Amino acid sequence: MVIDIRKMMNKRARGLDQYYTSTALAAKVAAVVRNLAPGIVFEGGTGGGAIYNLLPNPKFGVDVDRDTVNRLQLPGVACESLFDVKADDARFGAVAVQDRVFVSNPPFGLPGVMNAALSVMQYIATERVCGKMVVIVGRTMRKWSNMMRMPREWSITEEHIPDSLALNKFVDQSNGTTKTVKVVVQVWQYQPERLRVDPVFVDVCADFVVLSLKDHKQANLVVLQFGSIGTVFQKVWSTPDELATMFAWQEKSTSHSGSHFWLRCTDPNAVKIRIAARKTDYVTYMTDTLVGNNITPNPRELISIYVHGSVPYTRPWPVRRF
Ligand SMILES: C[S@@+](CC[C@H](N)C(=O)[O-])C[C@H]1O[C@@H](n2cnc3c(N)ncnc32)[C@H](O)[C@@H]1O
């Protein structure tokens, strides 16, 4: 399902999405783009031109911010929404879709804007506007459940993790302050020939159900979500006393079910042991190569971790560090 964020964006006060990329990171992004030997480059959301100015020709760009577009007069940049640039846009000339590279630092600085970044990427992918894209996205985009929302014919072919803190700093145009957002530069490509079936994520398993909060008192196993990197073994509660303590805690808690999985298991002990074993793999994998700061699985991932003999992440993406 493609989420149309145009309405969402219109609601935002102007300036809120405008976290501009540093020159240092922009230079890295431009190098990644150049390496793809594009026939033409299209940037969606050129902003102050940090990236755009360094992109190879031929290129064109758009931004919805009329004042900035008019003030900067960047060659080839027009004031319009990237969602209005269609696959048959005259600016692409005769360049085949596969040779067009889309570049963007889509909005990610605000809570919930991962949807915004994703919908920009989904738009380019599903409408086949370009055949490749280089995007700066928040590192939480590396969560499998988010990446699964891209069309299956698209694969990540490169990831570059800016290691230095300076490369993860963005300037908020509304007030000039800097904000640190842990980002990753991803290259996605339309590669239907590489399409293969990944291990199927399962929603159900025979040994337990993940209860919703309203049914949490039916739980006979409570698992603290895997949480931060430092946690070696997740906490579990399964004896009657422990469960009573947890139900009482939940009663008083103002939080939603976010921090714990409430499970109804046929054999809580067996589930407990297996989750603990799988969880160690998952944490190692996630902290080594993936998100870096958020390794909490969602219920679907928990079930997949439990059901599959290994973590359900099969693509060893070539991760490079800037
Ligand atoms: C995070 S800023 C990045 C700006 C610049 N590319 C950079 O990296 O410094 C996102 C930019 O996208 C623009 N933008 C937001 N929605 C857009 C849309 N629908 N179409 C085109 N540009 C958009 C904003 O005005 C803003 O300049």
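Going by the structure above, here's the rest.
Residues numbered from 1 in each chain as written. Predicted model: local features only at pLDDT ≥ 70, side-chain atom pairs only at ≥ 80, totals over all residues.

**A closer look at the overall build of the chain**
So, point 1. A tally of regular secondary structure across the chain gives eight helices and 15 strands.
So, point 2. When each of the 322 residues of the chain is scored for burial, the buried share is 35%.
So, point 3. Within the chain, contacts between residues at least 6 apart in sequence are counted, and of these 74% link residues at least 24 apart. (Helix = DSSP H or I, 4+ residues; strand = E, 2+ residues; numbered from the N terminus. Buried ≥ 20, exposed ≤ 12 C-beta atoms within 10 Å, placed from the backbone. Contact = placed C-beta atoms within 7 Å.)

**Considerations on the sheet that holds strand E9 (residues 178-180)**
So, point 1. One open sheet holds the three strands; their spatial order is E1-E8-E9, and the pairing between them is antiparallel. Two strands bound the open sheet, and with one partner strand each, they are strand E1 (19-21) and E9. Each neighbouring strand pair of the sheet contributes to a mean axis angle of 45°, computed without reference to strand direction.
So, point 2. The pairing of E1 with strand E8 (residues 169-172) spans three bridges and is classified as antiparallel. From the neighbouring strand, Thr21 faces E8, where its bridge partner is Phe170. (Pairing = 2+ DSSP bridges. Axes fitted to C-alpha atoms, helices over the stretch in contact; angles between N-to-C directions.)

**Section: the environment of Pro192**
So, point 1. Note on placement: Pro192 falls in the loop between strand E10 (183-190) and strand E11 (208-210).
So, point 2. On the neighbour-count criterion, Pro192 (10 C-beta atoms within 10 Å) is exposed.
So, point 3. Separated by 41 residues in sequence, Pro192 and Pro151 have C-alpha atoms that sit 10.0 Å apart.

**Re the site of the ligand**
So, point 1. The local shell around the ligand holds 22 residues, among which Tyr20, Thr21, Gly45, Gly47 and Asn105 are the closest.
So, point 2. Where the shell around the ligand is concerned, the elements lending two or more residues are E1 and strand E3 (59-63).
So, point 3. For the shell around the ligand, the element with the most residues is E1, which contributes three residues.
So, point 4. Across the shell around the ligand, the residue classes tally to ten nonpolar, nine polar and three charged. (Near = placed C-beta within 6 Å. Nonpolar A, V, L, I, M, F, W, Y, C, P; charged D, E, K, R; others polar.)

**Some remarks on the sheet that holds strand E13 (residues 236-237)**
So, point 1. The four strands are arranged E11-E14-E12-E13 in an open sheet whose pairing can be described as antiparallel. Since the sheet does not close on itself, it has two edges, and those belong to E11 and E13, each with one partner.
So, point 2. Where strand E12 (residues 221-224) lies against E13, two bridges are found, and the strand directions are antiparallel. Within E13, the residue paired with Val223 across the bridge is Val236.

**Some points on the environment of Val129**
So, point 1. Here Val129 is to be found in the loop between helix H4 (114-126) and strand E6 (132-138).
So, point 2. Residue classification places Val129 among the buried residues on the basis of 22 C-beta atoms within 10 Å.
So, point 3. The sequence separation of Val129 and Ala96 amounts to 33 residues, and the corresponding C-alpha distance is 10.0 Å.

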